[in-house]
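# Coordinate inspection notes
The chain contents come next:
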Amino acid sequence: MNNDIKKSRAWKKLEDHYNKIKNKHLRDLFREDPKRIQKFTLNNGDLYFDFSKHRITEETFDLLIELAIERKLTDRREAMFEGKKINQTENRAVLHTALRTPSGNKIMVDNEEVVEPVHAVLDKMSWFASRVRSGQWKGFTGKKIRNVVNIGIGGSDLGPVMAYEALKFYSQRDLNFRFVSNIDGNDFAEAVRDFEADETLFIVSSKTFTTLETMTNAHTARKWLLDQLKNEKAVADHFVAVSTNEAEVKKFGINPQNMFEFWDWVGGRYSMDSAIGLSTMIAIGPENFNELLKGFHEMDEHFRSAPLKQNIPVIMGLLNVWYGNFFGTQTQAVLPYNRYLHRFPAYLQQLTMESNGKHVQLNGAKVDYQTGAIYWGEAGTNGQHSFYQLIHQGTILIPCDFIGFKKALNPLPLHQDYLMANIFAQGEALAFGKTAAEVAGEGVSDALVPHKTFEGNRPSSTLILDNLTPESLGKLIALYEHSVFVQGVIWGINSFDQMGVELGKVLAKKIIGELQNKSIPLNHDESTNALIEHYRK
Ligand code: F6P
């Protein structure tokens, strides 16, 4: 593969093509092609994907697909599904797709079959989750567990919180769930302030079991529990671990029998459907968790087998490349019109930005093109009353993903139609706007016409599903996972390491020592030295 992506044929053609259509308005694109909807919408099961409101023509679409072919997307995709070590810098396979592969299938990594162990852990999780849900799992004093606290950070937190919030409708309501991630003591203090220790279960979730935040919070939790229950033996009834690191779990004092395993071929930000989803399974039950896995798997199958031109994650990924690399956009808004998905944008931030925030290619050469965009968003309609102004009339182009559901989980009169009307209205307003002539025609004073004019030509995708269920959530998450993969392949980067988080961790460890021992001389830059001195005083 030619590593110099900008010299590739498809890239050059896209550059020329961009110069031809960059000023073309969506109003004209729709007017010129009455078949646009047939060409630029897709159905996958209950998922309806409308990408007609993008600044593309048939030629753009063909060229983007050509780029994907030139970048050998299908080979890379197969390599991932087959368990090849595509995470080259860490010499690891990338097999989150194995986490939702039905039992009976075989995938090998280092001569070991991985699907059966996945199902063995799922069975163990089901057994445990059912006992907690039914009250059979008792705390140290014999009381039922009423509170579940997941301690973890990054992928060991964002997925569990997002899934709990997203699927709260399906959760067992007599159990309380809290999520502690931040090293800021306020997080732990607030999470447990109204809990009794003998009714509380801590799930310490950490792939490495060495992460500063998680281990500090876990030790604080242990002390909080023992201060109340005054017996070391209580730890066994109130702490379980989810990790790949049995030695560290043991060291912490958690019985390995109460450990739920996963593997180094599951990246943290791709782990919410592994044992990291234990809190999710306790909340929604094993059957619903299976539905979640089913949704993931359906999207995996679609991604693996659908032709590129009908492949939703492929198209989503290529559209990101089109805007980022040709229009120079730097952000992507994700706007779920469902209150339960209010943590979805935060979850996607780690998935997308930790994956594709890279500045070197797989071969170590520096890229001379933009890579991962900033993902951000908010549940609709709240965003409309804050930042949408900038999307509609600001000077920055921001592609948007609108996500909506046909059915309401809580069908109150009027709400659902009002909610959906807003999605459709926003996409329409962004794309087509309102011309100065239209504004003037409404009798607006000349002075106000420019202020009230909407240029339009702001692109968006609209994703509509039947209902927010565990299955549809799984599908949606896998869709974004694979779209991230597609972008990484086009850019020739490793989407599966995260070396950019290391330097800050190392420096923080050093500075912790300096804060705790004020006699250690400081040898940072002058600004950092002064800040530390200021705090020390
Ligand atoms: O610092 C980043 C990171 O390594 C993420 O990739 C990961 O999800 C998070 O920290 C937590 O890591 P762990 O699960 O090992 O505690």
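Please refer to the structure placed before this passage.
The paragraphs below set out a description of the structure included in this document. (Residues numbered from 1 in each chain as written. Predicted model: local features only at pLDDT ≥ 70, side-chain atom pairs only at ≥ 80, totals over all residues. Heavy atoms only, no water.)

### Focus: the overall build of the chain
Each helix and strand in the chain was counted, giving 22 helices and 13 strands. A compact globule built from 537 residues should have a C-alpha radius of gyration of about 24 Å, and the chain, at 25 Å, falls within 12% of that. C-alpha extents for the chain along the principal axes are approximately 75 × 60 × 55 Å. Looking at the chain residue by residue over its 537 residues, the buried ones come to 54%. (Helix = DSSP H or I, 4+ residues; strand = E, 2+ residues; numbered from the N terminus. Rg over C-alpha atoms; globule rule 2.2 N^0.38 Å. Buried < 20%, exposed > 50% of the residue type's maximum accessible area, 1.4 Å probe, protein only.)

### Some thoughts on the packing of helix H15 (residues 344–356) against helix H20 (residues 470–491)
Between H15 and H20, the least distance of the axes is 10 Å, while the angle of their chain directions is 25°. Between H15 and H20, the interaxial angle falls into the category roughly parallel. The two elements H15 and H20 cross, and the hand of that crossing is right-handed. For the pair formed by H15 and H20, the contact residues are Phe 344, Tyr 347, Leu 348, Leu 351, Thr 352, Ser 355 and Asn 356 on the first element and Leu 476, Ile 477, Tyr 480, Glu 481, Val 484, Gln 487, Gly 488 and Trp 491 on the second. (Axes fitted to C-alpha atoms, helices over the stretch in contact; angles between N-to-C directions. Parallel < 35°, antiparallel > 145°, perpendicular 65-115°, else oblique. Left-handed = near helix turned anticlockwise from the far one by under 90°. Contact = heavy atoms within 4.5 Å.)

### Looking at the nonpolar core
Membership of the largest hydrophobic core comes to 122 residues, with the highest contact counts inside it found for Trp 265, Ile 282, Trp 322, Phe 344 and Tyr 480. With 12 residues, H20 is the largest single contributor of residues to this core. With sequence-adjacent residues up to four places away left out, Trp 322 is seen in contact with Leu 14, His 17, Tyr 18, Ile 21, Arg 55, Ile 56, Thr 60, Leu 64 and Phe 327. Counting 26 residues, the second-largest nonpolar core is a separate cluster that includes Phe 202, Leu 229, Ala 241 and Val 249. (Core = buried A, V, L, I, M, F, W, Y, C linked by side-chain atoms within 4.5 Å.)

### Quick notes on unusual backbone geometry
A cis amide bond links Gly 380 with the next residue in sequence, Thr 381, at an omega value of 5°. The backbone of Lys 72 shows a phi angle near 55°, a positive value even though the residue is not glycine. By the secondary structure assignment, Lys 72 is in the loop between helix H4 (58–70) and helix H5 (73–81). One non-glycine residue, Asp 110, lies in positive phi territory at about 50°. Following the sequence through the fold, Asp 110 ends up in the loop between strand E3 (108–109) and strand E4 (112–113).

### Considerations on the site of the ligand
Around the ligand there are 14 residues in total, and Ser 156, Ser 206, Lys 207, Thr 208 and Thr 211 lie nearest to it. One of the side-chain N or O atoms of Ser 206 is found 2.6 Å from an oxygen atom in the ligand. In this structure, an oxygen atom belonging to the ligand sits 2.5 Å away from a side-chain N or O atom of Thr 211. Burial of the ligand by the protein chains amounts to 88% of its free accessible area of 400 Å². Of all the cavities here, the one that holds the ligand is the largest pocket. Grouping the constituent residues of the shell around the ligand by class yields two nonpolar, nine polar and three charged. (Near = heavy atom within 4 Å. Polar contact = N/O pair within 3.5 Å; in protein donor to acceptor, adjacent residues only side chain to side chain. Areas by Shrake-Rupley, 256 points an atom, 1.4 Å probe, with all protein chains shown as cover. 1 Å grid on protein atoms, 1.4 Å probe; cavity = no way out; pocket = protein on both sides within 12 Å on 5 of 7 lines; lining within 4 Å. Sits in = over half its atoms within 2 Å of the grid points. Nonpolar A, V, L, I, M, F, W, Y, C, P; charged D, E, K, R; others polar.)

### Some words on a nonpolar patch on the surface
The grouping of Ile 183, Leu 212 and Ile 512 at the surface amounts to a nonpolar patch, some 220 Å² of accessible area in total. Relative to the assigned elements, Ile 512 resides in helix H21 (residues 502–516). (Patch = residues over 30% accessible without salt bridge, like charges linked within 9 Å, V, L, I, M, F, W, Y side chains within 5 Å. Salt bridge = Lys/Arg side-chain N within 4 Å of Asp/Glu carboxyl O.)

### Regarding the pattern of salt bridges
The tally for this structure, following the rule as stated, stands at 32 salt bridges. A salt bridge links Lys 294 to Glu 471, with the nearest nitrogen and oxygen atoms 3.8 Å apart. Of this pair, Lys 294 sits in helix H13 (residues 286–305) while Glu 471 sits in helix H20, and the two are 177 residues apart along the sequence. The class of Lys 294 is partly exposed, set by a relative accessible area of 40%. For Glu 471, a relative accessible area of 22% translates into the label partly exposed. We note a salt bridge from Lys 434 to Glu 442, for which the minimum N-O separation is 3.0 Å. A single network of salt bridges, built from pairs that share partners, joins Arg 100, Asp 273, Asp 300 and Glu 481.

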